[in-house]
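# Tertiary structure, described
Spelled out, the chains give:
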Amino acid sequence: MTDTIRNPILPGFNPDPSICRVGEDYYIATSTFEWYPGVQIHHSRDLANWRLVSRPLARAAQLDMRGNPDSCGIWAPCLTHADGLFWLIYTDMKRYEGNFKDGHNYLVTAPAIEGPWSDPVYLNSSGFDPSLFHDDDGRKWLVNLKWDYRQREGGDRFGGILLQEYDVERRQLVGPIRNIFAGTEMKLTEGPHLYRRDGWYHLLVAEGGTGYDHAVTMARSREIAGPYEVHPDNPVLTTRQDPDNPLQRAGHADLVDTPEGETYMVHLCSRPLPGTRRSPLGRETAIQRVEWGEDGWLRLAHGGNVPALEVALAGVETGVAQWEPAEEETYAFAPGALPADFQWLRTPEPERLFSLDALPGYLRLYGRESVGSWFEQALVARRQDSWHCSAETELEFEPDDIQQFAGLIAYYNRFKFHYLAVSLNDEGNKVLSVMSCHDEWPSGQLDIVEGGVALEPGLPVRLGLDIRERELQFRFAQGSAGWRPIGPVLDAGLLSDEGSGRAHGYFTGNFLGMAAHDISGRATPADFAGFRYRRNTR
């Protein structure tokens, strides 16, 4: 019996997938950019159902992103398994605007996917998207794109794919650095992965940029250092000429073989809101079945080069029931760790931002720098993974100054957010107000709804939001009163990679969560009693 997999397999912000198999177990690592801890790793036994099992970069020795701009941090991790170890390669991008990119590439290893993960080995800084290839003879090779800061034809600063050997004993790159592939006419060549099959080295890359011209192309060579001949039917995967496909921006891929010898490709994609080119769910992970032809080249099993929304799962003897996420996720806060769905921004010192022990049953956030800070911001949130969803929490907060505010936030980055916040007005009364940044890049200009709503002193306040595709509406309640809307209907589509279209590109996705800010520097606490997220609400 053959069953099908419905795409995307990792909904919500889960871009740049790297996949590996260990026995019957599959693992996918995805980019996390400025969100901490770094790298998401999901596990599956059937390629259809995936569960988050690890975020390995969880301490300062491995990752400190304080000061990293929006959409910097962890770019395109590569996860492999060899010699009894998991090998994770990653970039910590410190700057990406302008001609220069300051990104540093590292390696960590672990005997199990849950860890313990080692301290990092520094590799290089010549470019991003590093990938480690384990050759049949035991040698290991790093490939990454070379960044060319000069203005090249068409603005393409992607200077080809570099190859260098990694010496395990010396824990460093050794030998000559070779530029093995200049890319195709699609340009913007990145995301390299090497594979060996039937005497060929196959090089898979992403090209065309991460927008709506994104694609997967391939080349091959008898020698690892080239020369590489390009695939006769490139691009192997793309939606650049299929604007109606629900899986847009398809590209940045990796391959895995099943125990039975079938091959699958995981790739990033996005699902724009209907009638728009806005993707608030960010770039997600999808999967396609692929086949090696008689000519030795890889192609999509269903033909053509356009990704499928439903993918036949080859060789399945019994039907695979694909997991459906719960309509509602209710999170209670208890001493120990945050619920697995939640992350925070940039810092390896979360104890300065929040506590699960200060008040039993509550998440206490300590107000830190302003919303949008690149250094230390008390914001704890989870991914939006449905066009139709809602979020709710209950807040106890006693500000004593207008510089202190806390509440419920829909946050893409410092230039794109909607925030329902409790603070004080000029008369010293506690009020609830809506503030937004409508993609005002580079000024970051804040739009605050005038007046605010007065709150009953001494009572907690319930905060909620509802998203219906392009529209976001905040609401609130106190005491025994029912929910009341507050503020105007807001632009939810703005909280996307594309946003207003006025600013430069971003690479993450929208998050919903809790925040506390105290720009007076007094770290005023805000206590949140649980969090509820509902998806597919209409």
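It should be emphasised that the depicted structure is a prediction, and the values quoted were computed from it without experimental measurement.

### Topic: the sheet that holds strand 13 (residues 158–167)
The antiparallel open sheet is built from four strands, whose spatial order is 11-12-13-14. Strands at the two margins of the open sheet, each flanked by one partner only, are strand 11 (131–134) and strand 14 (172–181). With strand direction ignored, the average angle separating the axes of adjacent strands in the sheet is 30 degrees. Bridging between strand 12 (residues 140–147) and strand 13 involves seven bridges; their strand directions are antiparallel. Bridge assignment links V143 to a residue of strand 13, and that residue is L163.

### With respect to the state of the cysteines
As enumerated under the stated definition, the model contains zero disulfides in all. There is no disulfide at C269, and the cysteine sulfur nearest it, in C389, is 18 Å away. Classification of C269 as buried rests on a relative accessible area of 0%.

### Looking at the packing of aromatic side chains
Tallied over the full model, the rule gives 27 aromatic pairs. Ring geometry for W35 and F511: centres 3.8 Å apart, planes at 10 degrees, overall stacked. Within this pair, whereas W35 is found in strand 4 (residues 35–36), its partner F511 is found in strand 39 (residues 511–518), the two being separated by 476 residues in sequence. Judged on exposure class, the residue W35 and its partner F511 are both buried.

### Here we look at the sheet that holds strand 5 (residues 40–44)
Pairing within the open sheet is antiparallel, and its four strands lie in the order 2-3-5-6. Pairing within the sheet leaves two strands with one partner each, and these edge strands are strand 2 (18–22) and strand 6 (51–54). Taken pair by pair, the neighbouring strands of this sheet meet at an average axis angle of 35 degrees, ignoring direction.

### Some details on empty space enclosed by the protein
This model, assessed by the stated rule, comprises one cavity of 30 Å³ or more. Of the pockets and cavities examined, the largest cavity occupies roughly 50 Å³. Every residue lining the largest cavity is listed: D16, P17, S18, A76, P77, C78, D129, P130, G191, P192, H193 and H252. Only strand 7 (73–82) and strand 15 (190–197) provide two or more residues apiece to the lining of the largest cavity. Per-class residue counts for the lining of the largest cavity are six nonpolar, four polar and two charged.

### Some thoughts on the nonpolar core
The biggest cluster of nonpolar side chains holds 103 residues, and the ones touching the most others in it are L79 and L363. The element that contributes the greatest number of residues to this core is strand 31 (residues 404–413), accounting for seven residues. Excluding residues that lie within four positions of it along the chain, L79 makes contacts with S18, I19, C20, Y27, A29, I41, F86, W87, L88, I113 and W117. Counting 15 residues, the second-largest nonpolar core is a separate cluster that includes I5, Y26, A48 and I287.

### A closer look at the UniProt feature "active site" (unreviewed entry) in the protein
Mapped onto this structure's residue numbering, the UniProt feature "active site" (unreviewed entry) falls at D16 and E190. Spatially, the listed residues are clustered: although they cover 175 residues, their C-alpha atoms lie within 11.0 Å of one another. For the largest cavity, the lining residues drawn from the annotated set are D16. For D16, the location among the structural elements is in the loop between strand 1 (3–6) and strand 2. By the secondary structure assignment, E190 is in strand 15. Since its relative accessible area comes to 6%, E190 is described here as buried. Contact partners of E190, with chain neighbours within four places excluded, come to F128, D129, L145, F158, V205, A206, G209, T210 and H214.

The rules we used
Residues numbered from 1 in each chain as written. Predicted model: local features only at pLDDT ≥ 70, side-chain atom pairs only at ≥ 80, totals over all residues. Heavy atoms only, no water. Pairing = 2+ DSSP bridges. Helix = DSSP H or I, 4+ residues; strand = E, 2+ residues; numbered from the N terminus. Axes fitted to C-alpha atoms, helices over the stretch in contact; angles between N-to-C directions. Disulfide = S-S within 2.5 Å. Buried < 20%, exposed > 50% of the residue type's maximum accessible area, 1.4 Å probe, protein only. Phe/Tyr/Trp six-rings, centres within 6.5 Å; stacked < 30°, edge-to-face > 60°. 1 Å grid on protein atoms, 1.4 Å probe; cavity = no way out; pocket = protein on both sides within 12 Å on 5 of 7 lines; lining within 4 Å. Points joined across faces, edges and corners; volume = space filled by probe spheres on them. Nonpolar A, V, L, I, M, F, W, Y, C, P; charged D, E, K, R; others polar. Core = buried A, V, L, I, M, F, W, Y, C linked by side-chain atoms within 4.5 Å. Contact = heavy atoms within 4.5 Å. UniProt positions renumbered as here; feature names shortened; annotations may be inferred.

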